[in-house]
Amino acid sequence: RGTLLNEGMTVTERRAEACAVLGVPPGARPEVVVAAHRRLVFDVHPDRISDPGLRPAAEERLKRINAARDELLREPAPAPAAPPSASPRPVVPAS
């Protein structure tokens, strides 16, 4: 799966690529992502390709479509906790 949506990309870049693959706007609701995925799967599923020479390309396209769906439906990672040294408390000088 790493080669389908490059793991070297940032989360924002992966999500942008996933949106482009599925043809949905950034921040699309899950229902929109699922509907776009179903439409594309119906169009490019390897079982619908009659030419055996074109099936490998259709299989790769289907893997990419599935990876894009998975990326967009994945729960966002929680924000990392602030390190203890980044405490918002003001430093009060000793008198």
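The following refers to the structure shown. Everything numeric in this text was worked out from a predicted model, so none of it was measured.

## A closer look at the overall build of the chain
Link 1 in the chain: A count of helices and strands for the chain gives three helices and zero strands.
Link 2 in the chain: Starting at the N terminus and ending at the C terminus, the chain contains elements arranged as α-α-α.
Link 3 in the chain: Looking at the chain as a whole, 24% of its 95 residues are labelled buried.
Link 4 in the chain: Sequence-distant contacts, at least 24 apart, represent 59% of the contacts inside the chain between residues at least 6 apart.

## Observations concerning the pattern of salt bridges
Side-chain pairing between opposite charges can occur once the charged atoms of the two side chains come close.
Link 1 in the chain: Under the criterion given, the structure shown has six salt bridges.
Link 2 in the chain: In this structure, the salt-bridge partner of R29 is E31, at a minimum N-O distance of 2.9 Å.
Link 3 in the chain: Using a relative accessible area of 55% as the deciding quantity, one classes R29 as exposed.
Link 4 in the chain: Assessed through its relative accessible area of 48%, E31 is described here as partly exposed.
Link 5 in the chain: Linking R74 and E71 is a salt bridge whose minimum nitrogen-to-oxygen distance equals 3.1 Å.
Link 6 in the chain: Take R74: its relative accessible area is 34%, and that puts it in the partly exposed class.

Conventions used here
- Residues numbered from 1 in each chain as written.
- Predicted model: local features only at pLDDT ≥ 70, side-chain atom pairs only at ≥ 80, totals over all residues.
- Heavy atoms only, no water.
- Helix = DSSP H or I, 4+ residues; strand = E, 2+ residues; numbered from the N terminus.
- Buried < 20%, exposed > 50% of the residue type's maximum accessible area, 1.4 Å probe, protein only.
- Contact = heavy atoms within 4.5 Å.
- Salt bridge = Lys/Arg side-chain N within 4 Å of Asp/Glu carboxyl O.

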